[in-house]
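Topology and contacts: notes
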Amino acid sequence: MRKIIGIILLIVIAWGIIISLQGIPFGVLRTEVADHYINKGIEETGAANIVTSVVVNYRSLDTLGEVTILFLAAIGLGAVLATIIRKEDRETVKASLILSTGCKFLFPFILLFGAYIFIHGHLTPGGGFQGGAIIASAFLLIYLGCHREKRINETGIIISESLGGLIFVVIGLIGLLTGTHYFLNNFMPKGEFNTLLSAGIIPIIYIAIGFKVGAELSKIIELLMEES
Amino acid sequence: MIFIVSFLVIAMLASAISAYFFKDLLSAVIASYMVSLIAAVLFYLLQAPDVAIAEASIGAALVTAVFVIAIRRTRRHEE
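The following refers to the structure shown. Predicted model only: the values in this text are computed from it and were never measured. (Residues numbered from 1 in each chain as written. Chains lettered and ligands numbered in written order. Predicted model: local features only at pLDDT ≥ 70, side-chain atom pairs only at ≥ 80, totals over all residues.)

1. Some words on the overall build of chain B
What chain B contains, in helices and strands, is three helices and zero strands. Along its sequence from the N terminus, chain B presents helices and strands in the succession α-α-α. Based on the C-alpha atoms only, the size of chain B along its principal axes is roughly 40 × 25 × 10 Å. Counting over 79 residues, chain B shows a buried share of 19%. (Helix = DSSP H or I, 4+ residues; strand = E, 2+ residues; numbered from the N terminus. Buried ≥ 20, exposed ≤ 12 C-beta atoms within 10 Å, placed from the backbone.)

As structure tokens, this is what we get:
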């Protein structure tokens, strides 16, 4: 009985997909909105990287949703792992001097690279999410190399995480009050093209996202490493 | 160019299939890490550097670390 119901469901879903796929024109190169981004994107947003101008300027509400999903994932993991009792008596092997010193030496350079990726998000490939993930991998390196020796500052994580989200939403609300009255409107001056201080609110929002994503992913890594 | 891309796609398929067949879960994680790494290189070759950076840092580094931590907490070999 259950098999028959499953087969019927599968046929219905496949039929729905086929019907909806027939509505899409096949073989057409680009949609109109993509042409608009490519031709007018630089002029309208002032960002040299068109991908960034789409992610943070045209589709910034989606980016806010993505950041919220990551935030909820971090909160959920923390809530699940908080109920597990920590095993303190577990025996650990101390890393050798060469490994721990190498990790401590590389750590600031990886942090600097992550910061570069998200500060230059509107000029070169990359952005807040990528820079935040690189910063989290720097913390992962410290946890692997110097386990139980160095720990992440909890207050620092909470402050940078909350400030990042707050700056994102506050800048969006300021955009709602000024100019053309829509959320996350690019109200600041465009500046000189292809310089660091250009593209209006895009660099500010990407720095906020970089801090927020870096703090959240580092928190996830810290929770998992501490519990294992 | 087409030879490099096709070689990378074949290597990616081989890693994905071997990740399914490995009984040692640590080897399976390393094979799926190879899939992510080759996907990052392919994204770069196909002129999507933004996605390549995200794939290399999240897909290759962080996800592999999370899987290795999970294996350390549970069993290493599949029955």
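2. Thoughts on the overall build of chain A
Summing up its helical and strand segments, chain A has eight helices and zero strands in all. For chain A, the sequential pattern of α-helices and β-strands runs α-α-α-α-α-α-α-α. Counting only C-alpha atoms and orienting by the principal axes, one finds that chain A spans roughly 70 × 60 × 35 Å. Of all 228 residues assigned to chain A, the portion counted as buried reaches 33%. Pairs at least 24 residues apart make up 72% of the contacts formed inside chain A by residues separated by at least 6 positions. (Contact = placed C-beta atoms within 7 Å.)

3. Examining the interface of chain A and chain B
Counting residues at the interface gives 17 residues for chain A and 13 residues for chain B. Listed by contribution, the elements that provide at least two residues to the side of chain A that touches chain B are helix H6 (128-145) and helix H8 (202-227) of chain A. No other element matches the seven residues that H6(A) contributes to the side of chain A that touches chain B. Taken together, the residues of the side of chain A that touches chain B break down into twelve nonpolar, five polar and no charged. (Nonpolar A, V, L, I, M, F, W, Y, C, P; charged D, E, K, R; others polar.)

4. Quick word on unusual backbone geometry
With phi around 65 degrees, B:Gln47 is a residue other than glycine that occupies positive phi space. Take B:Gln47: there are 7 C-beta atoms within 10 Å of it, and that puts it in the exposed class.

5. Considering the nonpolar core
Core analysis: the largest hydrophobic core is formed by 48 residues, its most contacted members being A:Ala133, A:Ala136, A:Phe139, A:Ile202, A:Ile205, A:Ile209 and A:Ile221. Secondary-structure elements contributing two or more residues to this core are helix H3 (50-58), helix H4 (60-82), helix H5 (97-119), H6, helix H7 (154-177) and H8 of chain A together with helix H2 (25-45) and helix H3 (49-73) of chain B. Here this core takes 13 residues from H8(A), the largest share from any one element. (Core = buried A, V, L, I, M, F, W, Y, C linked by C-beta atoms within 7 Å.)

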